[in-house]
Amino acid sequence: MPHLSTYIGLADHSEKTLADSFRAVAQGHQQEADVYHTCQTLAGWSDQHRERLAPVIERYGEDEQLEEPERLHASGLADVRSGPVGLLRDLQDLHVLGSLVQTTWTVVAQGAQGLRDRELLEVANSANAETGRQLRWLNTRMKQAAPQALIVDP
């Protein structure tokens, strides 16, 4: 199952990237209390997804050398932007990363169904559902930030 290990590796690495990026946005926009605290919480969810994936990695392996790294790997947010437009762009970047994570879990769940691996299916479905919640919060927070960032003069 060499390709399953590719996607398990992608799930693990993209969750780590998402968690690290949530933390970077939390630190960079800590003056926005809701962003700071919610991003810290959502980063913890991604950490938990990786913890739940660990036994599966032991069973199937994790492809450290993704065959198409340019296409299957996203870089995280090393630096955050400042100001209202910066917050909006950072939330949008998190949303893109979260979408990668969610589609990866969808693919892993399909593989788990094909293998009839209930443990992997539970991990993938649970992580996918929580990633959906992460994306919904990001979408809602972008809607909240957009009018201020786009219309009001600094």
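Because the structure is a prediction, the values reported are computed rather than measured. (Residues numbered from 1 in each chain as written. Predicted model: local features only at pLDDT ≥ 70, side-chain atom pairs only at ≥ 80, totals over all residues. Heavy atoms only, no water.)

A. Representation of the overall build of the protein chain within the structure. The number of helices and strands found in the protein chain is 5 helices and 0 strands. Of the regular secondary structure in the protein chain, the N- to C-terminal order runs α-α-α-α-α. Taking all 154 residues of the protein chain together, the buried fraction comes to 42%. Put simply, 78% of the contacts in the protein chain that link residues at least 6 apart link residues at least 24 apart. (Helix = DSSP H or I, 4+ residues; strand = E, 2+ residues; numbered from the N terminus. Buried < 20%, exposed > 50% of the residue type's maximum accessible area, 1.4 Å probe, protein only. Contact = heavy atoms within 4.5 Å.)

B. Region of interest: helix α5 (residues 118–151). Helix length check: α5, at 34 residues, gives a terminal C-alpha distance of 49 Å against a target of 50 Å (1.5 Å per residue), a fit within 8%. The sharpest bend along α5 reaches about 35 degrees and sits at Ala-145, with the proline Pro-147 one to four residues further on. The opening residue of α5 is Asp-117, an N-cap whose side-chain oxygen sits 3.1 Å from the backbone nitrogen of Glu-119. (Expected span 1.5 Å × (residues − 1). Bend = angle between axes of the 7 residues up to and from the residue. Polar contact = N/O pair within 3.5 Å; in protein donor to acceptor, adjacent residues only side chain to side chain.)

C. Geometry of the side chain of Glu-15. Secondary-structure assignment places Glu-15 in helix α1 (residues 2–28). For Glu-15, which is buried and forms no salt bridge, the nearest opposite charge comes from Arg-50, at a distance of 7.4 Å. Here His-49 takes part through its side chain, which lies 2.7 Å from a polar atom of the side chain of Glu-15. At a separation of 2.6 Å, a polar atom in the side chain of Glu-15 contacts the side chain of Trp-105. Discounting chain neighbours no more than four positions away, the residues touching Glu-15 are Ser-46, His-49, Arg-50, Val-101, Trp-105, Ala-127 and Thr-131. (Lys, Arg positive; Asp, Glu negative; His and termini not counted. Salt bridge = Lys/Arg side-chain N within 4 Å of Asp/Glu carboxyl O.)

D. Representation of the packing of helix α4 (residues 83–115) against α5 in the model. Between α4 and α5, the shortest axis-to-axis distance is 8 Å and the interhelical angle comes to 160 degrees. Between α4 and α5, the interaxial angle falls into the category roughly antiparallel. Every pair of crossing elements has a handedness; the one defined by α4 and α5 is left-handed. Looking at the contact of α4 with α5 residue by residue, the class counts come to 24 nonpolar, 13 polar and 1 charged. (Axes fitted to C-alpha atoms, helices over the stretch in contact; angles between N-to-C directions. Parallel < 35°, antiparallel > 145°, perpendicular 65-115°, else oblique. Left-handed = near helix turned anticlockwise from the far one by under 90°. Nonpolar A, V, L, I, M, F, W, Y, C, P; charged D, E, K, R; others polar.)

E. Representation of the pattern of salt bridges in the model. Tallying each qualifying case throughout the model produces 8 salt bridges. For the salt bridge of Glu-122 with Arg-52, the shortest nitrogen-to-oxygen distance reads 3.4 Å. Of this pair, Glu-122 sits in helix α5 while Arg-52 sits in helix α2 (residues 33–60), placing them 70 residues apart in sequence. Looking at Arg-52, the relative accessible area reads 33%, which means it is partly exposed. Beyond isolated ion pairs, a larger network of salt bridges with shared partners links Glu-32, Asp-34 and Arg-141.

F. Expanded view of the environment of His-37. Here His-37 shows up in helix α2. Separated by 14 residues in sequence, His-37 and Arg-23 place their C-alpha atoms 9.6 Å apart.

G. Fine view of the nonpolar core. Ranked by internal contacts, the top residues of the largest apolar core, which has 36 residues, are Phe-22, Cys-39, Leu-53, Leu-91, Leu-94, Trp-105 and Leu-120. Every element with two or more residues in this core is listed here: α1, α2, α4 and α5. In this view, Phe-22 contacts Cys-39, Leu-42, Ala-43, Leu-94, Gln-134 and Leu-138; residues no more than four positions away in its chain are not counted. (Core = buried A, V, L, I, M, F, W, Y, C linked by side-chain atoms within 4.5 Å.)

H. Region of interest: the packing of α2 against α4. Running from N to C, α2 and α4 cross one another at 25 degrees; their axes reach a closest spacing of 13 Å. Here α4 runs roughly parallel to α2, going by the angle between their axes. Helix-helix and strand crossings are classified by hand; for α2 and α4 the assignment is left-handed. Between α2 and α4, the residues in contact are Val-35, Cys-39, His-49, Leu-53 and Tyr-60 and Leu-87, Leu-94, Trp-105 and Leu-115, respectively. Class assignment for the residues of the contact of α2 with α4 results in 8 nonpolar, 1 polar and no charged.

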